[in-house]
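Coordinates in review
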Amino acid sequence: MSVATVAIPHETVTEHPVLEGRGLSKRFWVRRGHGPLTRRASLRAVEDVSISLGAGKVVAVVGESGSGKTTVARLLARIITPESGQLLLDGDPVPRRRSRKYAAQVQMVFQDPFASLNPVHRIRYHLVRPLRIHHIDDQDVDTAVDELLRRVALSPPSQFVDKFPHELSGGQRQRVAIARTLAVRPRVLLADEPVSMLDVSVRLGVLNLLADLRDREHMAVLYVTHDIASARYLADRIMVMYAGQVVESSPSVSLTDHPAHPYTQLLLSAAPDPDRMGRPLLVTGGAPPSLLAPPAGCRFHPRCPHAMDICARVAPPSVEIAPAHSATCWLHVDASDRHAPDPEPPAAKRHTNEDLTDLSAGGTGG
């Protein structure tokens, strides 16, 4: 990314991730057509995504709308259940059902601060409720509420605690939403585009608040955004998603200074840069594909200015560009290895007559 000079996030050594997702996949079933022609279709929202969140680290997931970023966050929060893959908390598998213990350790901040707070309740109610549910500071709730507001820089607390959400600005509402998640003392904070609906003038304050939680409280943070510039400012590591898949993953400075995937280059070219003269270096047309029927091979190939024949036929492998920097693109595969395997014959033609006899007799067919 070509952006103005930004502060480099504080590095913290961590041995094991606090929260880890391995090979997470999720499909949603939607209806297509009308009347008697209505049928169910599978929308592949997330496919084989692995992500690791360490204490004192911020991982950013970047991509266009519909790329699967929010679905990944909701999978990690256990709001929705993955069809395949595994979640691990401190290296231990997470039960399939979302427990109160898990919810206390992994909290999520939603995108819309105008909808995430109940408009008929005062700010005090929103902060007291999680304290009561999780039996935290039952004896001195007022002090706990004041401390939560101070932690998110809403001081003095007396000016905010008795107000309704509509009496606060968008930035103040989002800070209240963050304070509500902090009430249960989580170790992981999942922030789903927390600044996208806020004025530019207040976005930096919320980003600095997330950075402070990382540095001062050693919290693991997932930052979901479509803005790669803010991802570089805040994150230690960036994962780029396109059409439900991770196409590049790297430490933030390495990824933005040396993008390896054409889609990452496209995102960086589209980012505002006061130092850039003229048009962006990489310009391409088209739109993200439908996840109901994604293209074969590399999902970015219909928009890629570097697309080759193999890109339309075979999904590219993940290639290590540099230490801890990988990209899923045929451009980084040796030319001698860019060959597609011979296509397998249709399943029906591979059966022998004996196999077909077994199947008709009720066999499983494997």
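This text goes with the structure placed above it.
Remember, it's a predicted structure, so these values are computed and weren't measured experimentally.

1. Considering the sheet that holds strand β5 (residues 92–93)
With antiparallel pairing, four strands are arranged side by side in an open sheet as β2-β1-β4-β5. Looking at strand neighbours, the two that pair on one side only are β2 (39–53) and β5, the edges of this open sheet. As defined by bridge partners, strand β1 (residues 19–32) adjoins β2 across 11 bridges and the pair is classed as antiparallel. Paired with F28 across the two strands is L43, which belongs to β2.

2. With respect to unusual backbone geometry
In this structure, the amide linkage connecting S155 to the following residue, P156, adopts the cis form with an omega of -5°. A positive phi angle is found at H218, which is not glycine, with a value near 55°. Mapped onto the fold, H218 is located in the loop between α6 (200–217) and β8 (220–225).

3. Focus on the layout of surface pockets
One number sums up the size of the largest pocket: a volume of about 630 Å³. If you go around the largest pocket, you meet 31 residues; those closest to its centre are V49, S50, M239, V246 and S249. Counting only elements with at least two residues in the lining of the largest pocket, the list comes to β2, β9 (237–242) and β10 (245–251). The dominant element in the lining of the largest pocket, judged by the number of residues it contributes, is β2, at seven residues. Taken together, the residues that form the lining of the largest pocket break down as 13 nonpolar, 11 polar and seven charged.

4. Observations regarding the pairing of strand β4 (residues 84–89)
When β1 meets β4, the two strands line up antiparallel, connected through five bridges. Its bridge partner lying in β4, S25 is registered against S84. Sheet analysis places β4 next to β5, joined by two bridges and oriented antiparallel. Counterpart to L89 in the pairing with β5 is D92. Linking β4 back to β5 in an antiparallel pair, the connection comprises two residues, with D90 at a positive phi of about 55°.

5. Description of the sheet that holds strand β7 (residues 188–192)
Taken in spatial order, the eight strands of this open sheet run β6-β7-β8-β3-β9-β10-β12-β11, and their pairing is mixed. Only two strands of the sheet have a single partner each, and these edge strands are β6 (106–109) and β11 (318–322). In this sheet, adjacent strand axes meet at a mean angle of 20° when their direction is disregarded. Across two bridges, the pairing between β10 and strand β12 (residues 325–328) is antiparallel. Bridging from a neighbouring strand, E248 pairs with A327 of β12.

6. Some thoughts on helix α3 (residues 123–133)
Taken as a whole, α3 has its buried residues at I123, H126, L127, V128, P130 and L131. Tucked into the core, α3 has its buried residues touching α4 (141–151) and α5 (170–182). Looking one or two places after α3, you find H135, whose phi comes out positive at around 55°.

Definitions and limits used
Residues numbered from 1 in each chain as written. Predicted model: local features only at pLDDT ≥ 70, side-chain atom pairs only at ≥ 80, totals over all residues. Heavy atoms only, no water. Pairing = 2+ DSSP bridges. Helix = DSSP H or I, 4+ residues; strand = E, 2+ residues; numbered from the N terminus. 1 Å grid on protein atoms, 1.4 Å probe; cavity = no way out; pocket = protein on both sides within 12 Å on 5 of 7 lines; lining within 4 Å. Points joined across faces, edges and corners; volume = space filled by probe spheres on them. Nonpolar A, V, L, I, M, F, W, Y, C, P; charged D, E, K, R; others polar. Axes fitted to C-alpha atoms, helices over the stretch in contact; angles between N-to-C directions. Buried < 20%, exposed > 50% of the residue type's maximum accessible area, 1.4 Å probe, protein only. Contact = heavy atoms within 4.5 Å.

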